[in-house]
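# Secondary and tertiary structure notes
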Amino acid sequence: MNPFKALLAPRRRELPFPVPAGSTAAEAAGVGVRLGGRPVLDSVDLTVRAGEVLALVGPNGAGKSTLLAALAADLPVDSGEIRVDGRSATRWTAAELALRRAVLPQSAALAFPFPVEDVVRMGRAPWAGTAREDEDDTVVAAAMAATEVTGFATRPFSALSGGERARVALARALAQSAPLLLLDEPTAALDLRHQELVLRICRERAAAGDAVVAVLHDLGLAAAYADRAVVLHGGRVAVDGPPAEVFTGALLGEVYRQPVEVFPHPRTGVPLVVPKRLA
Ligand SMILES: Nc1ncnc2c1ncn2[C@@H]1O[C@H](COP(=O)(O)OP(=O)(O)OP(=O)(O)O)[C@@H](O)[C@H]1O
Ligand SMILES: [Mg+2]
């Protein structure tokens, strides 16, 4: 224990408090975003709740990554407002935001030859100088174990496979211990086992009281693990509700411009979504 820790502790950084399940962790209210002169998000309303896994789905170009970046306060909005932990996103400092939301970007551009463990440890930076700095080693080890990357701890990040890198990037976001997790296609590069693993981690984090938003293209995964699904279509929310209610063949067929069949899993009843194919 560093005896000077109290002296080193930052004075003006507001630490997040745990909130009850069901309370609003982040919110988009009438959000509009224009990029390259085109509207990309239009009047988007979305509430992200503590204790909930929210799947953000929709076709390529629908605006999912843009909405996630707006919720993360990484992208300014042109109209409406983003609120994180009850306060307008623009009114938090970068350090305070880093304690409140962790982001897994769609493509992790990190190509430096840092050892995997150091990459995961970067997630702990926001807690430096706070009482919870003491948890760093435990949290880093737990995040690596959960994502099954402990075996690569000393290897250079740049020497890993695509799926291995994706899991390390997720471990880094998990290690940040923020109560709002914003994950952009966390399963895109992963094999079957690790897709399930990642969604189970999302459920565990939600059970522990965090709010989780995951952009997913696999509608079956979304239906199996998410409490709520928001389908984006052309920058607008097409539907918002429990997957079993909103994933209908008619809606998905129209949004994806691809006929689909939706039927309940024979054992679990969870909706299965498959493209309509010729016999
Ligand atoms: N910097 C930019 N300038 C202009 N247009 C942009 C920019 N970034 C994104 N767009 C456009 O905004 C729309 C939404 O992009 P976004 O990345 O949010 O889609 P997405 O739903 O995440 O798609 P995907 O499933 O392919 O990841 C797309 O039509 C995209 O071409
Ligand atoms: Mg995207």
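As the structure is a prediction and not an experimental result, all values here were calculated from the model. (Residues numbered from 1 in each chain as written. Chains lettered and ligands numbered in written order. Predicted model: local features only at pLDDT ≥ 70, side-chain atom pairs only at ≥ 80, totals over all residues.)

Let us now look at the pairing of strand β11 (residues 260–264). Taken together, the five bridges between β11 and strand β12 (residues 271–275) define a ladder with antiparallel strand orientation. Counted as the bridge partner of Val262 is Val273 from β12. Here β11 hands over to β12 after six residues, with Gly269 in that stretch at a positive phi of 85°. (Pairing = 2+ DSSP bridges. Helix = DSSP H or I, 4+ residues; strand = E, 2+ residues; numbered from the N terminus.)

This part takes up helix α7 (residues 192–207). In a regular helix each residue adds 1.5 Å, so 16 residues correspond to 22 Å; α7 covers 23 Å between its end C-alpha atoms and thus fits that length. Along α7, the positions that sit buried rather than exposed are Gln195, Val198, Leu199, Ile201, Cys202, Arg205 and Ala206. Each buried residue of α7 sits inside an arc of 150° when the element is viewed along its axis, so together they form one side. Of the exposed residues in α7, the ones pointing more than 90 degrees away from its buried face are Leu192, Arg193, Arg200 and Ala207. (Expected span 1.5 Å × (residues − 1). Buried ≥ 20, exposed ≤ 12 C-beta atoms within 10 Å, placed from the backbone. Arc of directions from axis to C-beta.)

Reading across from one edge, β6-β7-β8-β3-β9-β10 is the order of the six strands in this open sheet, with mixed pairing throughout. Edge positions in the sheet fall to β6 (101–104) and β10 (236–241), since each of these pairs with one other strand and no more. The sheet shows a mean angle of 15° between the axes of neighbouring strands, direction not considered. The pairing of strand β7 (residues 180–184) with strand β8 (residues 211–215) spans five bridges and is classified as parallel. Looking at the pairing, Asp184 lines up with Val215 of β8. Sheet contacts for α7: β3 (53–57), β7 and β8; angle to β8, the most-contacted strand, approximately 155°. (Axes fitted to C-alpha atoms, helices over the stretch in contact; angles between N-to-C directions. Contact = placed C-beta atoms within 7 Å.)

In sheet architecture, strand pairing relies on hydrogen bonds along the backbone and comes in two forms, parallel and antiparallel. Strand order in the open sheet formed by four strands is β2-β1-β4-β5, with antiparallel pairing between adjacent strands. Of all the strands in the sheet, the pair left with one neighbour each is β2 (38–49) and β5 (87–88). Across the sheet, helix α2 (residues 64–71) is in contact with β1 (24–35), β2 and β4 (79–84); its angle to β1 comes to roughly 125°.

For the rest of this paragraph, the subject is the environment of Val213. Inspection of the secondary structure puts Val213 in strand β8. In this structure, the C-alpha to C-alpha distance between Val213 and Val230, residues 17 residues apart in sequence, is 10.0 Å. In this structure Val213 touches Val48, Leu54, Leu56, Leu68, Leu71, Leu182 and Leu183, once residues within four positions along its chain are discounted.

Quick look at the domain arrangement of the protein chain now. Split into domains, the protein chain comes out as domain 1 (23–100 + 178–279) and domain 2 (110–177). Placing the centre of domain 1 and that of domain 2 at their C-alpha centroids yields a distance of 24 Å. Tallying the contact residues gives 13 residues for domain 1 and eleven residues for domain 2. Counting only elements with at least two residues in the side of domain 1 that touches domain 2, the list comes to α3 (94–98) and α7. Here the element with the most residues in the side of domain 1 that touches domain 2 is α7; it accounts for four residues. (Domains from an automatic or database assignment.)

This part is about unusual backbone geometry. Unusually for a residue other than glycine, Ser177 sits at a positive phi of about 50°. Within the secondary structure, Ser177 sits in the loop between α6 (162–175) and β7. On the neighbour-count criterion, Ser177 (22 C-beta atoms within 10 Å) is buried. Positioned with a positive phi, Arg257 is a non-glycine residue whose angle comes to about 50°. Position of Arg257 relative to the elements: it lies in the loop between α10 (249–256) and β11.

With respect to the element layout, Val231 can be found in strand β9 (residues 228–233). With 26 C-beta atoms counted inside 10 Å, the residue Val231 sits in the buried group. Placed 167 residues apart in sequence, Val231 and Lys64 show a C-alpha to C-alpha distance of 9.0 Å. Excluding anything up to four places from it in sequence, Val231 contacts Val57, Gly58, Ala238, Val239, Val246, Leu251 and Val255.

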